[in-house]
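Chain by chain, the residues run as shown.
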Amino acid sequence: MTADQLRSLIRDVPDFPKEGILFRDVTPLLLDPGALAAAVDLVAAPYRDAGIDRVLGIESRGFILGAPVAMALGAGFGLVRKAGKLPYESHSVSYELEYGTDTVELHVDTVEAGQRVLVVDDLIATGGTAGASVELARKAGGDVVGCAFLIELTFLEGRKCLDVPCHVVLDY
Ligand code: AMP
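In this report, we go over the structure that sits alongside the text.

Scoring rules and cut-offs
Residues numbered from 1 in each chain as written. Predicted model: local features only at pLDDT ≥ 70, side-chain atom pairs only at ≥ 80, totals over all residues. Heavy atoms only, no water. Salt bridge = Lys/Arg side-chain N within 4 Å of Asp/Glu carboxyl O. Helix = DSSP H or I, 4+ residues; strand = E, 2+ residues; numbered from the N terminus. Phe/Tyr/Trp six-rings, centres within 6.5 Å; stacked < 30°, edge-to-face > 60°. Buried < 20%, exposed > 50% of the residue type's maximum accessible area, 1.4 Å probe, protein only. Lys NZ or Arg CZ within 6 Å of the ring centre and 35° of its normal. Near = heavy atom within 4 Å. Polar contact = N/O pair within 3.5 Å; in protein donor to acceptor, adjacent residues only side chain to side chain. Areas by Shrake-Rupley, 256 points an atom, 1.4 Å probe, with all protein chains shown as cover. Nonpolar A, V, L, I, M, F, W, Y, C, P; charged D, E, K, R; others polar.

Quick notes on the pattern of salt bridges
Part 1 of the argument: The tally for this structure, following the rule as stated, stands at 12 salt bridges.
Part 2 of the argument: Aspartate 171 is paired through a salt bridge with arginine 7; the nearest N and O atoms lie 3.9 Å apart. Here aspartate 171 is found in strand β9 (residues 166-171), whereas its partner arginine 7 is found in helix α1 (residues 3-7), with 164 residues between them in sequence.
Part 3 of the argument: Aspartate 143 is the salt-bridge partner of arginine 116, the closest N and O atoms lying 3.7 Å from each other.

Overview of the packing of aromatic side chains
Part 1 of the argument: Tallying each qualifying case throughout the model produces two aromatic pairs.
Part 2 of the argument: Centroid distance phenylalanine 16 to phenylalanine 23: 5.3 Å. Interplanar angle 90°. Geometry classified as edge-to-face.
Part 3 of the argument: Given a relative accessible area of 44%, phenylalanine 16 falls into the partly exposed group.
Part 4 of the argument: For the pair phenylalanine 63 and phenylalanine 77, a centre-to-centre distance of 6.4 Å together with 85° between the ring planes defines the contact as edge-to-face. With phenylalanine 63 in helix α4 (residues 61-73) and phenylalanine 77 in strand β4 (residues 76-82), this residue pair connects regions lying 14 residues apart in the sequence.
Part 5 of the argument: Here the basic side chain of arginine 7 rests over the ring of tyrosine 172, its NZ or CZ set 4.9 Å away from the ring centre.

A word on the site of the ligand
Part 1 of the argument: Contacts to the ligand come from 14 residues, most closely from Arg61, Asp121, Thr126, Gly127 and Thr129.
Part 2 of the argument: Arginine 24 places a main-chain nitrogen or oxygen 2.9 Å from a nitrogen atom of the ligand.
Part 3 of the argument: Taking threonine 126, its side chain carries an N or O atom lying 2.5 Å from an oxygen atom of the ligand.
Part 4 of the argument: Its free accessible area being 480 Å², the ligand has 82% of it covered by the protein chains.
Part 5 of the argument: Residue assignment for the shell around the ligand shows that the elements contributing at least two residues are β2 (22-25), β7 (116-124) and α5 (128-139).
Part 6 of the argument: Sort the elements by how many residues they give to the shell around the ligand and β7 lands first, with four residues.
Part 7 of the argument: Per-class residue counts for the shell around the ligand are six nonpolar, four polar and four charged.

Next up, the structure:
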């Protein structure tokens, strides 16, 4: 399955979750088993020989893609969650939103010092969440090899928030 076939399975939802936002909805793609397998394969592809120890998936659609990417790479999977959701002792990083701040957390035992980490999410918009996730991995002593996304909203220039290489399958 080609990247353009995957693109045709992403639904555009105008004005969600608020007016002026065009939401790129991946749920039709997830319903198609061939497309789901291809999406995982294309997100993981550049890292097959990269010696990744941990894939960190960002809540919540990053969990859906991140776990099978971790399996494809022979890596462990860890969860980056919004503040207050993780049960165990956690590292915490806050980042700026248009109005206010948000916080993401990572269990302290998810990444060990020196481990090679890949951060995965379905989509990079402003890059704030991914940037904070890279910082979380580093707080734990991880060596962040890169960030991988199914979709990039290029006009928002979210890559500028990342000081690691960024791999994207579909750009808008
Ligand atoms: P950001 O921190 O701005 O890069 O936001 C990234 C997070 O918000 C990702 O977890 C995305 O799933 C979600 N997100 C932001 N904008 C959109 C959009 N237009 N369509 C779908 N998801 C989005």
